[in-house]
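Notes for the structure review
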Amino acid sequence: MAFTAMLIISAALYSEAKPFIEFYNLKKDLSYPSFQVFRKEDTALYITGTGPMEAAIITAAFLTREAPAAADLFLNIGICGSRRRDLPLGTPVLCNKLIEAETGRTYYPDVLYTHPFREGSIITSCRRQTALTDSAEGSLMEEGFSNETNSISENGFITSGATLPTEKVLPFADMEAAALYQAGRYFFQPHQMFFLKIISDYLIPAPPSLKEAIDVSRLVGDNVAVIAQWINGLLNKFSETTNDFTKEETAYIRQLSESLKLSVTMEHELTQYLRYCKLVKGDFLSFTSLLAKEMPLPVKSKLEGKKYLDYFKKNLL
């Protein structure tokens, strides 16, 4: 029996999420009291709030409770600032390089699939970034930093002591992408995560009245159909190629993981071994059932569970 792959969408703001809530006809899940979740059977969307810390914490909380499968996909949708004024507002950008401004660390989602979007690097900071106007292209700096206490790297960012990768053009900026990737990589492989940003401004400091005039939902909504068509195509492909457990097998893996008190990361590790075992032997239930009989299940601690997980791995193949 095959299963439909799950689409998990993350957005910082309700205005970014609204077009996808309406497009997929998602309903609010009231079982989450601390943050907003909207869902239907094969799609879930959660709202993190702005900033890297909020994005990472809410993502870890959601994915720990609802551990994704190998066929599921993660989509971060949101707006970004652009130093590329030749690109129209509303242009969607698929991020192939994520840079954390505070540390200079760089992360690379695997962009392996054909897509209709522009690709680009994005820098994530806990502070809103603005473009200086001292050159034709402009450079980026973060609001709240002082030039006297921070150095400016070759790419025009205030580094606050961090060493950013040397890159002449870092065209896009946001406040969540790199943090979402860092949290998401404990639950997804790099090829399962996608970061799509819609250009909403050119990183120019603006009075409150102008900021409020940005219609975020319209900018995202203008792109929701093409994004949904693309991501739905990938979901179908993933369902065909990676959804290789029956309902009985999936239930068994879940039950075994609970009996071993496995963390989400260890459960994924076990799943990968069982997937390979099934590929090689055609079945794993009969063999793992025999192994499980040799263990005092359920275990009393996670440390004991890790010991038996290692035993499983050693004897599976």
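For clarity, every value in this text was computed on a predicted model and none was experimentally measured.

Right, let's talk about unusual backbone geometry for a bit. With an omega dihedral of -5°, the bond running from Leu297 to Pro298 counts as a cis peptide bond. Mapping Pro298 onto the fold places it in the loop between helix H9 (285-293) and helix H10 (302-316). The backbone of Asn25 sits at a positive phi, close to 55°, despite the residue not being glycine. You will see that Lys261, though not glycine, has its phi angle at about 55°, which is positive. Along the chain, Lys261 falls in the loop between helix H7 (247-259) and helix H8 (264-281). Judged by its relative accessible area of 33%, Lys261 is partly exposed.

This part takes up helix H1 (residues 14-23). Where H1 is concerned, the buried positions are Glu16, Ala17, Pro19, Phe20 and Ile21. Positive backbone phi, at 55°, marks Asn25, one or two positions downstream of H1.

To continue, consider the nonpolar core. Most often, soluble globular proteins keep nonpolar side chains buried together rather than apart. Among the nonpolar cores identified, the biggest contains 34 residues, and Phe20, Leu45 and Phe194 are the most heavily contacted of them. Broken down by element, the residue count for this core peaks at eight residues, all from helix H6 (residues 224-242). Beyond its immediate stretch of four places on either side in the chain, Phe194 contacts Leu73, Phe74, Leu75, Asn76, Leu94, Tyr113, Trp230, Ile231 and Leu234. Membership of the second largest hydrophobic core comes to 30 residues, among which are Val37, Tyr46, Leu98 and Ile199.

Another point: the packing of H7 against H9. At their nearest, the axes of H7 and H9 sit 12 Å apart, and the two run at 20° to each other. Here H7 lies roughly parallel to H9, going by the angle between them. As for how H7 packs across H9, the hand of that crossing is left-handed. In this structure, H7 uses Glu248, Glu249 and Tyr252 to contact H9, whose residues at the interface are Leu285, Thr288, Ser289 and Ala292.

Moving on: the packing of helix H2 (residues 52-65) against helix H3 (residues 177-184). Direction vectors running N to C along H2 and H3 enclose 30°, while the axes themselves pass 8 Å from each other. One way to sum up the angle between H2 and H3 is to call them roughly parallel. H3 is crossed by H2, and the crossing has right-handed handedness. Here H2 contributes Pro52, Ala55, Ala56, Thr59 and Leu63 to the contact with H3, which in turn contributes Ala179, Leu180, Ala183 and Gly184. Across the contact of H2 with H3, the residue classes tally to seven nonpolar, two polar and no charged.

The subject of this paragraph is the pairing of strand E8 (residues 118-124). Most of E8 sits out of view: five of its seven residues are buried. Here strand E6 (residues 92-100) pairs with E8 via seven bridges, running parallel. Its bridge partner lying in E8, Lys97 is registered against Ser121. Bridge analysis of E8 against strand E11 (residues 172-174) gives three bridges, and the strand direction is parallel. Of the residues in E11, the one forming a bridge with Thr124 is Asp174.

Our next topic: the side chain of Lys197. Looking at the element boundaries, Lys197 is found in strand E12 (residues 193-201). Among the polar contacts made by the side chain of Lys197, one reaches the side chain of Asn76 at a distance of 2.8 Å. A polar side-chain atom of Lys197 sits 3.0 Å from a polar atom in the side chain of Asp174. Among residues more than four places away in sequence, those in contact with Lys197 are Asn76, Gly78, Ile79, Cys80, Thr91, Pro92, Val93, Cys95, Ile122, Asp174, Glu176 and Ala177.

Before going further, it helps to examine the environment of Ile21. Secondary-structure assignment places Ile21 in helix H1. Expressed as a C-alpha distance, the spacing of Ile21 and Lys40, which sit 19 residues apart in the sequence, is 9.8 Å. Those residues within four positions of Ile21 in sequence are excluded, and the remaining contacts are Tyr14, Leu26, Phe38 and Leu45.

Considering all chains together, one arrives at seven salt bridges under this definition. Note that Arg39 is salt-bridged to Asp29, the shortest N-O span being 3.0 Å. You can see Arg39 sitting in strand E3 (residues 37-40) and its partner Asp29 sitting in the loop between strand E2 (27-28) and E3, a full 10 residues away along the chain. Classification of Asp29 by relative accessible area gives buried; the value is 15%. Where Asp222 meets Arg218, a salt bridge forms, and the shortest distance between an N and an O atom there is 3.4 Å. Exposure remark for Arg218: the relative accessible area of 44% places this residue in the partly exposed category.

Scoring rules and cut-offs
- Residues numbered from 1 in each chain as written.
- Predicted model: local features only at pLDDT ≥ 70, side-chain atom pairs only at ≥ 80, totals over all residues.
- Heavy atoms only, no water.
- Helix = DSSP H or I, 4+ residues; strand = E, 2+ residues; numbered from the N terminus.
- Buried < 20%, exposed > 50% of the residue type's maximum accessible area, 1.4 Å probe, protein only.
- Core = buried A, V, L, I, M, F, W, Y, C linked by side-chain atoms within 4.5 Å.
- Contact = heavy atoms within 4.5 Å.
- Axes fitted to C-alpha atoms, helices over the stretch in contact; angles between N-to-C directions.
- Parallel < 35°, antiparallel > 145°, perpendicular 65-115°, else oblique.
- Left-handed = near helix turned anticlockwise from the far one by under 90°.
- Nonpolar A, V, L, I, M, F, W, Y, C, P; charged D, E, K, R; others polar.
- Pairing = 2+ DSSP bridges.
- Polar contact = N/O pair within 3.5 Å; in protein donor to acceptor, adjacent residues only side chain to side chain.
- Salt bridge = Lys/Arg side-chain N within 4 Å of Asp/Glu carboxyl O.

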